[in-house]
Amino acid sequence: MSAVRTAYGPHPDQFLELTLPAGGGPAPVDPAPVVVVLHGGFWRAAHGVELARPLAADLAAAGFAAVAVEYRRVGAGGGWPATLEDVAAALDALPDLAGADRLDLSDVAVVGHSAGGHLAAWAAGRSRLPEEAPGGRPRVRVTAAVLQAGVLDLERAAVQRLGGGAVQEMLGAQPADAPERYAAADPVRLVPTGVDLLCVHGTDDDVVPAEQSTRYAAAAAAQGAAVDVRLVPGDHMVLIDPAGESWALVRDWLRSRADRVRGGSTLGS
């Protein structure tokens, strides 16, 4: 089935694309577990939803209801707090979509690469935000998150000037100048409980160091939560090749988890 676009706000970049699993896929279930794909690109307008579409199509073929999200980015109306507000709004719009009766909204996973990994981790931790914070009071709860080479420790990333200062651009300040923004946006401070968490990171990644994943896992462990960290061969971009082994790892993890949640094999072998 082709993707159906729905706007969740008035800006041209406030839309999502839903692809329902095809009837001929591997043992599709109805309603289907949902996977929301958040693209990367250091939160900048140069990169968009085209990075998420191949992964969403692959997930739909695997039996998931796949949602590729576009959001406002730095240079096109995004940054603090708009980018975070958009991700929250896109997730919270899921119950209102046409065909929402085919979505299992009790089982919503988020997958994100690079800056999208930050957004996915942040979305998973929204329940820890104060009600008045951007993204506070989530309507839709995230039950699993896959963070692919995610920017998960924003203060550390700011110090290292990852992406040439991309964190400072997105949050509009250095950590010392806007500590409240970093507190409300930094995944290492918002590690959720009761959410299945997977970090996948390339050992040859020179764009986002693998320590971003291991620092997130350490923050989780300090709170009694567990993060499955998989260090895989390859660079920053190998993780989003839908034909690659690193993506197969993610797909298989999501399918195995969905089968476990449902108490049996529902999405194929």
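This text goes with the structure placed above it.
Residues numbered from 1 in each chain as written. Predicted model: local features only at pLDDT ≥ 70, side-chain atom pairs only at ≥ 80, totals over all residues. Heavy atoms only, no water.

1. A few points about the overall build of the protein
Helix and strand counts for the protein come out as eight helices and eight strands. The dimensions of the protein, computed from C-alpha atoms along their principal axes, are 50 × 40 × 35 Å. Per-residue burial for the protein yields a buried fraction of 58% across its 269 residues. By sequence separation, contacts in the protein at least 24 residues apart represent 74% of the contacts at least 6 residues apart. Distance between charge centroids for the protein: 3 Å, based on 22 positive and 32 negative side chains. (Helix = DSSP H or I, 4+ residues; strand = E, 2+ residues; numbered from the N terminus. Buried < 20%, exposed > 50% of the residue type's maximum accessible area, 1.4 Å probe, protein only. Contact = heavy atoms within 4.5 Å. Lys, Arg positive; Asp, Glu negative; His and termini not counted. Charge placed at Lys NZ, Arg CZ, Asp CG, Glu CD.)

2. Description of the packing of helix 2 (residues 82–92) against helix 3 (residues 115–124)
Taken N-terminus to C-terminus, the directions of helix 2 and helix 3 make an angle of 60 degrees; their axes are 10 Å apart at the nearest point. Compared by their axis directions, helix 2 and helix 3 come out oblique. Along this stretch, helix 2 crosses helix 3, giving a crossing that reads as right-handed. Residues Thr83, Leu84, Val87, Ala88 and Leu91 of helix 2 touch helix 3, and the partners they reach there are His118, Leu119, Trp122 and Ala123. (Axes fitted to C-alpha atoms, helices over the stretch in contact; angles between N-to-C directions. Parallel < 35°, antiparallel > 145°, perpendicular 65-115°, else oblique. Left-handed = near helix turned anticlockwise from the far one by under 90°.)

3. What to know about the sheet that holds strand 4 (residues 65–70)
Read from one edge to the other, the open sheet built from eight strands follows the order 1-2-4-3-5-6-7-8, with strand pairing classed as mixed. The sheet terminates laterally at strand 1 (4–7) and strand 8 (228–232), the two strands that pair on one side only. Within this sheet the neighbouring strands show an average axis-to-axis angle of 20 degrees, counted without direction. Note: strand 1 against strand 2 (residues 15–19), four bridges, orientation antiparallel. Looking at strand 2, one finds that arginine 5 is bridged to glutamate 17. Against the sheet, helix 3 touches strand 3 (32–38), strand 5 (103–113) and strand 6 (144–148), its axis set at about 145 degrees to strand 5. The strands touched by helix 7 (residues 211–222) within the sheet are strand 6, strand 7 (196–202) and strand 8, with strand 7 carrying the most contacts at an inclination of about 155 degrees. (Pairing = 2+ DSSP bridges.)

4. So, the pairing of strand 8
Summarising the sheet, strand 7 and strand 8 pair through five bridges and their orientation is parallel. For cysteine 199, the partnering residue across the bridge sits in strand 8 and is valine 229. One crossover worth recording links strand 7 to the parallel strand 8 by way of helix 7, and it is right-handed. (Right-handed = clockwise from strand over helix to strand, strands pointing away.)

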